[in-house]
Amino acid sequence: MQNALIIAAEEAHNPLIPPVYDIVWSALAFVIIFLVMWRVVTPRITKMLDERTEAIEGGIKKAEAAQEQAAAALDEYNKQLADARAEASRIREQARADATAIGNEVREQAAADAARITANAQSQIEAERQSAVQALRSEVGTLALDLASGVIGESLKDDAKSTAVVDRFLADLEASQATKTGEH
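Residues numbered from 1 in each chain as written. Predicted model: local features only at pLDDT ≥ 70, side-chain atom pairs only at ≥ 80, totals over all residues. Heavy atoms only, no water.

**Looking at the overall build of the protein**
A tally of regular secondary structure across the protein gives 3 helices and 0 strands. Starting at the N terminus, the α and β elements of the protein follow one another as α-α-α. Taking all 184 residues of the protein together, the buried fraction comes to 3%. When the accessible surface of the protein is summed, it comes to about 16,000 Å², and 62% of that surface belongs to carbon and sulfur atoms. (Helix = DSSP H or I, 4+ residues; strand = E, 2+ residues; numbered from the N terminus. Buried < 20%, exposed > 50% of the residue type's maximum accessible area, 1.4 Å probe, protein only. Areas by Shrake-Rupley, 256 points an atom, 1.4 Å probe, with all protein chains shown as cover.)

**Some details on a negative patch on the surface**
Residues Asp-50, Glu-51, Glu-54 and Glu-57 make up a contiguous surface patch of negative charge. Following the sequence through the fold, Glu-57 ends up in helix H2 (residues 20-152). (Patch = residues over 30% accessible without salt bridge, like charges linked within 9 Å, V, L, I, M, F, W, Y side chains within 5 Å. Salt bridge = Lys/Arg side-chain N within 4 Å of Asp/Glu carboxyl O. Lys, Arg positive; Asp, Glu negative; His and termini not counted. Charge placed at Lys NZ, Arg CZ, Asp CG, Glu CD.)

**Here's the deal with the confidence of the model for the protein**
Overall, the prediction assigns the protein a mean pLDDT of 84, with 83% of residues at 70 or greater. Mean pLDDT across the secondary structure elements of the protein bottoms out at helix H1 (residues 2-11), with 59, and peaks at H2, with 90. (pLDDT = per-residue confidence, 0-100.)

**Quick look at a nonpolar patch on the surface**
The grouping of Tyr-21, Trp-25, Leu-28, Ile-32, Val-36 and Val-40 at the surface amounts to a nonpolar patch, some 620 Å² of accessible area in total. Along the chain, Ile-32 falls in helix H2. Judged by relative accessible area, which is 47%, Ile-32 ranks as partly exposed.

**Notes on the pattern of salt bridges**
Summed over the entire model, instances satisfying the criterion amount to 4 salt bridges. The residue Arg-96 makes a salt bridge to Glu-93 at a minimum N-O spacing of 2.7 Å. You can see Arg-96 and its partner Glu-93 sitting in helix H2, 3 residues apart, about one turn around the helix. One salt bridge in this structure joins Glu-126 and Arg-129, with 3.7 Å as the shortest N-O distance. Of the two residues, Glu-126 and Arg-129 are both situated in helix H2; the distance of 3 residues between them amounts to about one turn of the helix.

Given below as structure tokens:
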């Protein structure tokens, strides 16, 4: 029996070592699959990867160009903003200067108008004073003549004489007032 086991063991095949025909057919299938992969699939994969690489690189270049354009636009915007701020500052300063000039002009005009109005008022007052003095002289003269006629008892109707008397009286009166104001 032992011999039978040894013979059976020699004829039995080892499960870890495949039969030769399996190794040959497996190697042939492997070579065919390898050649198909190497000749057909690998170039397609390589082509697809190259296209992706080019697309990615093109996208990166476009992104860099867009970023450069954005930076240039930002610089231009900042420059325009600075110019606008400078222009606004210049306009504000010009407006302040114009407002100051207009204010000065209005003040000068108001001062001139006030001086003119004051001068007109002074001349009108002086004219009214002269008119009042004339009216008072005439009135005082008439009253003085009437009073003197009443005191003397005769009529003083001689105009030249009466006018001279009234003028002399008023001159004396003004002189006496001038001395009184000089004493105080």
